[in-house]
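# Observations on the three-dimensional arrangement
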Amino acid sequence: MDSNNIITAPQIKSVEKIYRLWRTGHTGSLRRFYAFMTSPTAERDRFVAECGSEADFDNGILSIILKENRQ
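To start, this report covers the structure provided alongside it.

About the thresholds
- Residues numbered from 1 in each chain as written.
- Predicted model: local features only at pLDDT ≥ 70, side-chain atom pairs only at ≥ 80, totals over all residues.
- Heavy atoms only, no water.
- Core = buried A, V, L, I, M, F, W, Y, C linked by side-chain atoms within 4.5 Å.
- Buried < 20%, exposed > 50% of the residue type's maximum accessible area, 1.4 Å probe, protein only.
- Helix = DSSP H or I, 4+ residues; strand = E, 2+ residues; numbered from the N terminus.
- Contact = heavy atoms within 4.5 Å.
- Arc of directions from axis to C-beta.

Counting 11 residues, the largest nonpolar core consists of I18, Y19, L21, W22, F33, F36, M37, F47, V48, C51 and L66. Secondary structure elements with two or more residues in this core: α1 (15-23), α2 (30-38) and α3 (42-51). Element by element, the count of residues in this core is highest for α1, at four residues. If we skip the residues at most four places from it in the chain, Y19 touches G28, S29, L30 and F33.

What follows covers α2. By the burial criterion, the buried members of α2 are F33, F36 and M37. For α2, the angular spread of buried residues about the axis comes to 95°, placing them on one side. Considering only its buried residues, α2 is in contact with β1 (11-12), α1, α3 and β3 (61-66).

As C-alpha cells, then:
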C-alpha cells in the first residue's frame, strides 16, 4: 500500500471548484470531500497532483496550495 509522509492538508483557494472536480471521480458530500482532503493517502496525493499545486514557504512553514488546473 502506498503511504504519504505529508500529513497536513493542502490549502484550497476555491473549495467549490475543487469539490466539483473531486465529484467527477468520487461520490459523497462536502463532508466526505473534507475528510478526503485531510487524510494523508496516496489517492489524495494523486488528486492534488492532477489538480496542480504550488508551494509557499513562509517563516519555516511549508504550505501546499491547491490550484484548479485540472480540466
